[in-house]
Amino acid sequence: MSASAEPYLVIDNVLKRFGSGPEATVAVDHMSFDVKPGEFVSVIGPSGCGKSTLFNIIGGLLGDYEGEVRVGAERISGPHPSIGMVFQEESTFPWRSVIDNVAFPLELRGVPKAERHDRAHHFIDMVGLSGFAKHYPSQLSGGMKQRVSIARTLVSEPQILLMDEPFAALDEQTRLLLGDKILQIQQQLNQTTLLITHNLTEAVQLSDRIVVMTYRPGRLKRIVNIDLPRPRTSEVVGSDAFGHYVAEIWSDLREEASSGMMDAETTAARRNRPRG
Amino acid sequence: MAERTRLRDLAPITVGIASLAAIAVVAELLLLAGVLNRYILPLPSDVLVALVRLVREEDILSRMGLTAFEVLTSGFLVILAGVPLGVLLYRFRLMRAALEDWLGALAAAPIVLAFPLFLVLFGRGPKTIIIISFVYGLAPVVLKTQEGLTATRRVHVNVGRSLNMTPAQMFWKILFPSALPTIFTGIRLSWTFCLVTVVAVEFLVNLGGLGHLINELAERYDMPGAYAAITFVILLSMGFFIVLERIQSWLQPER
Ligand SMILES: Nc1ncnc2c1ncn2[C@@H]1O[C@H](COP(=O)(O)OP(=O)(O)OP(=O)(O)O)[C@@H](O)[C@H]1O
Ligand SMILES: [Mg+2]
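Draft legend 1. Structural context of the confidence of the model for chain B. For chain B, the average pLDDT comes to 87, and 97% of its residues sit at 70 or higher. For chain B, the element scoring lowest by mean pLDDT is helix α4 (residues 93-108) of chain B, at 77; helix α7 (residues 154-162) of chain B scores highest, at 96.

Draft legend 2. Seen up close, the sheet that holds strand β9 (residues 209-213) of chain A. Residue and element names in this part refer to chain A. Spatially, the six strands line up as an open sheet ordered β6-β7-β8-β3-β9-β10, and their pairing is mixed. The open sheet has two edge strands, β6 (83-86) and β10 (220-225), and neither has a second partner. Taken pair by pair, the neighbouring strands of this sheet meet at an average axis angle of 15 degrees, ignoring direction. Both β9 and β10 contribute to a ladder of five bridges, which runs antiparallel. From the neighbouring strand, V211 faces β10, where its bridge partner is I223. Contacting β6 and β7 (160-164), helix α5 (residues 142-154) crosses the sheet at an angle of about 175 degrees to β6.

Draft legend 3. Focus on the coordination of the magnesium ion (ligand 2). All names here are of chain A. The protein atoms that coordinate the magnesium ion (ligand 2) are S52 (OG) and Q88 (OE1), at distances of 1.9 to 2.3 Å. With a gap of 36 residues between them, S52 in helix α1 (residues 51-58) and Q88 in the loop between β6 and α2 (98-102) connect regions that are remote in the sequence. What makes S52 partly exposed here is its relative accessible area of 25%.

Draft legend 4. Inspection of the site of ligand 1 at higher detail. Residue and element names in this part refer to chain A. As a matter of local geometry, ligand 1 sits amid F18, A27, S47, G48, C49, G50, K51, S52, T53, Q88, E165 and R216. In the model, an oxygen atom of ligand 1 is placed 2.8 Å from a nitrogen or oxygen of the S52 side chain. At 3.2 Å from an oxygen atom of ligand 1 is found a side-chain nitrogen or oxygen belonging to E165. Relative to its unbound accessible surface of 640 Å², ligand 1 loses 64% to contact with the protein. Considering every element that reaches the shell around ligand 1, the biggest residue donor is α1, with three residues. Residue classes in the shell around ligand 1 are distributed as three nonpolar, six polar and three charged.

Draft legend 5. Region of the structure containing the sheet that holds strand β1 (residues 9-18) of chain A. All names here are of chain A. With antiparallel pairing, the four strands of this open sheet are ordered in space as β2-β1-β4-β5. Because the sheet does not close on itself, it has two edges, and the strands there are β2 (25-35) and β5 (74-75). Here strand β4 (residues 66-71) pairs with β5 via two bridges, running antiparallel. Looking across to β5, one finds that R70 is bridged to R75. Its contacts with the sheet put α1 on β1, β2 and β4, and the angle it makes with β1 is roughly 120 degrees.

Draft legend 6. Just the interface of chain A and chain B, in detail. Across the boundary between the two partners, chain A contributes 24 residues, which contact 19 residues of chain B. When the buried area of chain A at its contact with chain B is split by residue, L61, W95 and L108 of chain A rank highest and sum to 33% of it. Put simply, chain A and chain B have two salt bridges between them. The closest approach of N and O atoms between K173 of chain B and E107 of chain A, which form a salt bridge, is 2.6 Å. Scanning the region where chain A abuts chain B turns up six residue pairs in polar contact (both at pLDDT 80 or more). Counting residues per element, the ones that place at least two in the side of chain A that touches chain B are β6 and α3 (104-108) of chain A. For the side of chain A that touches chain B, the element with the most residues is α3 of chain A, which contributes four residues. Classifying every residue of the side of chain A that touches chain B by side-chain character gives 13 nonpolar, six polar and five charged.

Draft legend 7. Structural view of the packing of helix α3 (residues 60-91) of chain B against α4 of chain B. Residue and element names in this part refer to chain B. Axis separation between α3 and α4 bottoms out at 6 Å; the angle between their running directions is 125 degrees. In this view, α3 runs oblique relative to α4, as classed from their interaxial angle. Together, L85, L88, L89, Y90 and R91 of α3 and R93, M95, R96, L99 and L103 of α4 make up the contact between the two elements. Taken together, the residues of the contact of α3 with α4 break down into seven nonpolar, no polar and three charged.

Draft legend 8. Structural context of the pattern of salt bridges. A complete count under the given rule lists 22 salt bridges over all chains for this structure. We note a salt bridge from R175 of chain A to E202 of chain A, for which the minimum N-O separation is 2.7 Å. Within this pair, whereas R175 of chain A is found in helix α6 (residues 172-189), its partner E202 of chain A is found in helix α7 (residues 200-206), the two being separated by 27 residues in sequence. R175 of chain A gets classed as buried once you look at its relative accessible area, which sits at 12%. A salt bridge links R53 of chain B to D222 of chain B; its shortest N-O distance comes to 3.0 Å. Remark: D222 of chain B occurs in the loop between α9 (209-219) and α10 (223-251) and R53 of chain B occurs in helix α2 (residues 44-57); sequence separation between them is 169 residues. With relative accessibility at 26%, the residue R53 of chain B sits in the partly exposed group.

Draft legend 9. The packing of aromatic side chains, seen in detail. Residue and element names in this part refer to chain B. Scanning the entire structure with this criterion turns up 10 aromatic pairs over all chains. Between F171 and F176, the aromatic rings sit 5.8 Å apart at their centres with planes inclined by 35 degrees, giving tilted as the arrangement. The class of F171 is buried, set by a relative accessible area of 17%. Taken together, a centroid distance of 5.7 Å and an interplanar angle of 85 degrees make the contact between W191 and F240 edge-to-face.

Cut-off values and rules
Residues numbered from 1 in each chain as written. Chains lettered and ligands numbered in written order. Predicted model: local features only at pLDDT ≥ 70, side-chain atom pairs only at ≥ 80, totals over all residues. Heavy atoms only, no water. pLDDT = per-residue confidence, 0-100. Helix = DSSP H or I, 4+ residues; strand = E, 2+ residues; numbered from the N terminus. Pairing = 2+ DSSP bridges. Axes fitted to C-alpha atoms, helices over the stretch in contact; angles between N-to-C directions. Contact = heavy atoms within 4.5 Å. Donors = N, O, S within 2.8 Å, 3.2 Å for Na, K, Ca; no water. Buried < 20%, exposed > 50% of the residue type's maximum accessible area, 1.4 Å probe, protein only. Near = heavy atom within 4 Å. Polar contact = N/O pair within 3.5 Å; in protein donor to acceptor, adjacent residues only side chain to side chain. Areas by Shrake-Rupley, 256 points an atom, 1.4 Å probe, with all protein chains shown as cover. Nonpolar A, V, L, I, M, F, W, Y, C, P; charged D, E, K, R; others polar. Buried area = accessible area lost by both parts, 1.4 Å probe. Salt bridge = Lys/Arg side-chain N within 4 Å of Asp/Glu carboxyl O. Parallel < 35°, antiparallel > 145°, perpendicular 65-115°, else oblique. Phe/Tyr/Trp six-rings, centres within 6.5 Å; stacked < 30°, edge-to-face > 60°.

Okay, structure coming up:
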């Protein structure tokens, strides 16, 4: 394996501005951190702090930013073949059945039908959708669709897995169980994983490290090491250590979240202020 | 399960036919009671009788065949030319700026009225009818194709980009399938335009097909016959819709 193919993700002093002049918003402000090979890192922050922006930059979908993102020693300019992305919005193809959605990346690579369906079935089972292979997205619930897109990304077995709030549409139970599955796959494939989330439990349950972001502009507030034993399952949620981590990160996050809420309230108040 | 699906498919048709029959019965009663004028609206029962007469005496099947041929020829030409044009319009902003308004105007213009010009250019025959129908039916497919492609969800395009898809793959595997339902809406609109145009021109220039027959019967003051002939036009249009629906659900089931 060459050095550039090493699944080592570096985010180096990344700054992203939307718009220009006095109207410009800084969405991501000088963020720097890395994700080591096989490591599971979560980025957590309040809504609107710039997480999806960061996600799109790392995925190579958003250009025109300062700083750089590297995979190994290679500076990325556009989507990198060893990165697989799971998007925040619902992204299944409504014109394809579940199996053809999941097999999509293999189809692009010209994998024969029987083989790609075999591999797709494996991942469909893994996300708990056995029996739904022939269904179409319009026949599935929101959470099920999201699991289809997770399976579609996993089927390429990307070395670096990038996920933007993939569990947001799921109920807590499914979220915990699917978290276990993701961890299992991640350990099996030794995937370098970056998870974007605003869910504290999820972040602590899954991560080796958590990057906490501030609200507007999105800066790095703190990086927390999660020293919970591996292999880890969702049962860890009941432990004392888990509770300590959640409390610790919440105290960091609380200030940011409330400044986000205050921001929203003043905007609303300004909008509702009677004229004259 | 398959049987249930069949039943579900049949239910709307049954309800449709039943309500049509109910309307016919009501109309019949109102006409008999003298509430409605029998010189404007013939008795539905007379129209029913005339339907049979048309089949026996007016060679309705070959007339329907001719009209169907003209509509299908212009309809498929419209798809063949319209979809690629729509793609070009989507792809090249300059072309869109230059052509979009003209196409809108084309869709709105009463081109049928220019039929004498077309007759002079292309002669008195099916060819002329097909060409007028083509011109009239073109705009909806072009505009809807362009609209459908433009409306492709951004996240779908991003999935494609994250998988490093080639532009050709992006078009055939994401943009086009995503736009297909809208394209079919355009095709349905276009085919309606084509059918109306074909029948209208047949009617105006007394040339072959169902339109010609409607004109003849109307001139003979055979109102039940004229209404019966119009019924055949409606049957034809229903046939087209069913065929299009089939093609669409074959291309994209459960969408
Ligand atoms: N294309 C864009 N043009 C202008 N501003 C943008 C654009 N995309 C995002 N922003 C702004 O950047 C900021 C961060 O947005 P982003 O979507 O990254 O937030 P987020 O952290 O992912 O939020 P959420 O948790 O709700 O998904 C927001 O203030 C948003 O208004
Ligand atoms: Mg987001």
